[in-house]
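Architecture at a glance
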Amino acid sequence: MSAYVVFIREETTDPAQLQQYAQLAPAARAGHDITRLAFYGQLDVLEGPPAEGVAILRFPDMDAARAWYRSPAYQAARRHRLQGAHYRMLLVEGSDVAPA
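Residues numbered from 1 in each chain as written. Predicted model: local features only at pLDDT ≥ 70, side-chain atom pairs only at ≥ 80, totals over all residues. Heavy atoms only, no water.

Our next topic: helix α2 (residues 62-70). Among all positions in α2, only M62, A65 and W68 are buried. The arc enclosing the buried residues of α2, seen along the axis, measures out at 125 degrees, which places them on a common side. Residues of α2 that are exposed and point over 90 degrees away from its buried face: D63 and R70. Of the surrounding secondary structure, the elements contacted by the buried residues of α2 are β1 (3-12), β3 (53-59), α3 (72-84) and β4 (85-93). You can read the cap of α2 off the contacts: a side-chain oxygen lies 3.2 Å from the backbone nitrogen of D63, and it is on D61. (Buried < 20%, exposed > 50% of the residue type's maximum accessible area, 1.4 Å probe, protein only. Helix = DSSP H or I, 4+ residues; strand = E, 2+ residues; numbered from the N terminus. Arc of directions from axis to C-beta. Contact = heavy atoms within 4.5 Å. Polar contact = N/O pair within 3.5 Å; in protein donor to acceptor, adjacent residues only side chain to side chain.)

Written as structure tokens, this is what we have:
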């Protein structure tokens, strides 16, 4: 069953650190089956606190998403994301059932 990683950037605190993250994070995708569904495009918050940006990545399953997240390449990039902004990051299992 598909799984989705949802990034919610709440506040940028250090743009230089986020730039480092942006340079390192693409290398972490190598060897992982990831589909970018949404990537910091136009955003309209309908409910809840404001967000600066949102990204949604699709993985084949929860284990694949965890393997990417725990990979040394992503962990090296992650530290810059954490130093550059306040984020919420969620992993959610998808529903691969076709609508009736």
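Moving on, we get to the packing of α2 against α3. Between α2 and α3, the least distance of the axes is 5 Å, while the angle of their chain directions is 60 degrees. In terms of their interaxial angle, α2 and α3 are classed as oblique. Facing α2, whose interface residues are W68, Y69 and R70, α3 presents P72, Y74, Q75 and R78. Grouping the amino acids of the contact of α2 with α3 by side-chain chemistry returns four nonpolar, one polar and two charged. (Axes fitted to C-alpha atoms, helices over the stretch in contact; angles between N-to-C directions. Parallel < 35°, antiparallel > 145°, perpendicular 65-115°, else oblique. Nonpolar A, V, L, I, M, F, W, Y, C, P; charged D, E, K, R; others polar.)

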